[in-house]
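# Residue-level structure breakdown
These are the residues of each chain, in order.
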Amino acid sequence: MTEGALAGRVSIVTGGAQGIGRAYCLGLAAEGSIVVVADLMDGSAVAREIEAMGGRALALEVDVSDPSATRDMASKVMSEFERIDVLVNNAAYFKQARRGPFTDIDPDEWDRAFHVNVRGTWLCCRAVHPHMKAGGYGKIINVSSNTPFKGVPGFLHYTSSKSAIIGLTRALAREVGDDGIAVNTVAPDFIPDEEMLRNRAADAAVVLAERCFQRTQTPGDMVGIVVFLAGPGSDFITGQSFLVNGGALFQ
């Protein structure tokens, strides 16, 4: 697979082994990018899917909250492909996060949300930065959420961590602009899998009622904006937040 807007580019997707991350991996590969599936889980199945499409892929086991693991990730990608063009910071502490009053949040769970969602994003950005800077080009796409814009109650640790990613994106965009690196945020709404549809049916119904488009949001709904931000059509866009929610919230 050589054609497409991202032909010859190398993209890293954290949390790429399943769900939305898998959709990002396949979407980037469809545009010709070499894709690194970086996840705590085994991402080899997604890598094989990409190879079956005629693309190139590499699966790496990575704990994004571990500085040495993120440095090793970048080193392995450079050793294998000699460049890093795109980083999608998708890995997140979400499904494990318990809903409830802010007074009942366990401090360890609060720390875990920030450890993965914010520290992990920062560490991955830090790991790829020298390689993007050396190439004079890079696209960093940080995945936030609609929750900071809505102010979702009962989910303070997750909402706060995803809000921090927006601030991180804007500040980082200022720091790395002279290096030719664009940094943007995408903010999906509630994208349930089958388990969440069973266990969080009330949440899904509330979100659906808010939307202009009366349907459940799917991982595929996020692929277009990520491919756009990874590609040349967005070369003069940085520091921005893109809400993808079917009209549930207007920014």
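Position numbers for residues start from 1 in each chain and track the written sequence from start to end. Owing to the predicted nature of the model, reporting of local features is limited to residues with pLDDT of at least 70; listing and counting of side-chain atom pairs is limited to 80 or more, with chain, interface and lining totals taken over all residues. No hydrogens and no water enter the side-chain calculation; it runs on all heavy atoms of the structure.

Of the volumes computed, that of the largest pocket is approximately 1,200 Å³. If you go around the largest pocket, you meet 47 residues; those closest to its centre are Ile20, Ala92, Phe94, Lys95 and Tyr158. For the lining of the largest pocket, the secondary structure elements donating two or more residues are helix H1 (19–30), strand E2 (34–39), helix H4 (107–135), helix H5 (147–150), helix H6 (156–176) and helix H8 (201–210). Partitioning the lining of the largest pocket into residue classes produces 25 nonpolar, 10 polar and 12 charged. Buried and open spaces are told apart on a 1 Å grid over the protein atoms alone, a cavity being a set of points where a 1.4 Å probe fits but cannot get out and a pocket being an open set with protein on both sides within 12 Å along at least five of seven lines. Residues with an atom within 4 Å of a point are the lining residues. Grid points are joined across faces, edges and corners, and a volume is the space filled by probe spheres set on the points. What counts as a helix is a DSSP run of H or I of at least four residues, what counts as a strand is a run of E of at least two, and both are numbered from the N terminus. Throughout, the ten residues Ala, Val, Leu, Ile, Met, Phe, Trp, Tyr, Cys and Pro are labelled nonpolar, Asp, Glu, Lys and Arg are labelled charged, and all others, Gly among them, are labelled polar.

On to the pattern of salt bridges. What makes a salt bridge here is a side-chain nitrogen of Lys or Arg within 4 Å of a carboxyl oxygen of Asp or Glu, nothing more. All chains considered together, the criterion is met by eight salt bridges. The salt bridge partner of Asp85 is Arg83, with a shortest N-O separation of 2.8 Å. The partner of Arg215 in a salt bridge is Asp221, with the nearest N and O atoms 2.8 Å apart. Categorising residues by exposure relies on relative accessible area from a 1.4 Å probe, with only protein chains included: less than 20% of the type maximum marks a residue as buried, more than 50% marks it as exposed, and the intermediate range marks it as partly exposed. Judged by relative accessible area, Arg215 falls into the partly exposed class, the value being 45%. What you see here is one network of salt bridges that share partners, running through Lys150, Asp189, Glu210 and Arg211.

Turning our attention to the environment of Val37. Relative to the elements of secondary structure, Val37 occurs in strand E2. On the basis of relative accessible area, Val37 is assigned to the buried category, the value being 0%. It is 35 Å that separates the C-alpha atoms of Val37 and Asp104, two residues lying 67 residues apart in sequence. The contacts of Val37, once residues within four sequence positions are left out, are Val13, Gly16, Ala17, Cys25, Gly43, Val46, Ala47, Leu58, Ala59 and Leu60. By the convention used here, residues are in contact when the closest approach between their heavy atoms is within 4.5 Å.

With that settled, the discussion passes to the nonpolar core. Take the buried residues of types Ala, Val, Leu, Ile, Met, Phe, Trp, Tyr and Cys, join any two whose side-chain atoms come within 4.5 Å, and each joined set is a nonpolar core. Ranked by size, the top nonpolar core spans 40 residues in total, and within it Ile12, Val77, Leu87 and Ile140 carry the most contacts. Discounting chain neighbours no more than four positions away, the residues touching Ile12 are Val36, Ala38, Met73, Val77, Ile84, Val86, Leu87, Val88 and Val128. Counting residues in each nonpolar core, the second largest holds 28 residues, with Ala57, Val88, Val143 and Val244 among its members.

Let us now look at the pairing of strand E6 (residues 181–188). Taking burial as the measure, the eight residues of E6 include eight buried ones, the bulk of the element. Alternating residues of E6 divide into Ile181, Val183, Thr185 and Ala187 and Ala182, Asn184, Val186 and Pro188, and every residue in both groups is buried. Two strands qualify as a pair provided that DSSP identifies no fewer than 2 bridges between them. Here six bridges tie strand E5 (residues 138–143) to E6, and the two strands are oriented parallel to one another. What sits directly across from Ile140, in E6, is Val183. Taken together, the four bridges between E6 and strand E7 (residues 241–244) define a ladder with parallel strand orientation. Each residue of the ladder has a partner; that of Pro188, found in E7, is Val244.

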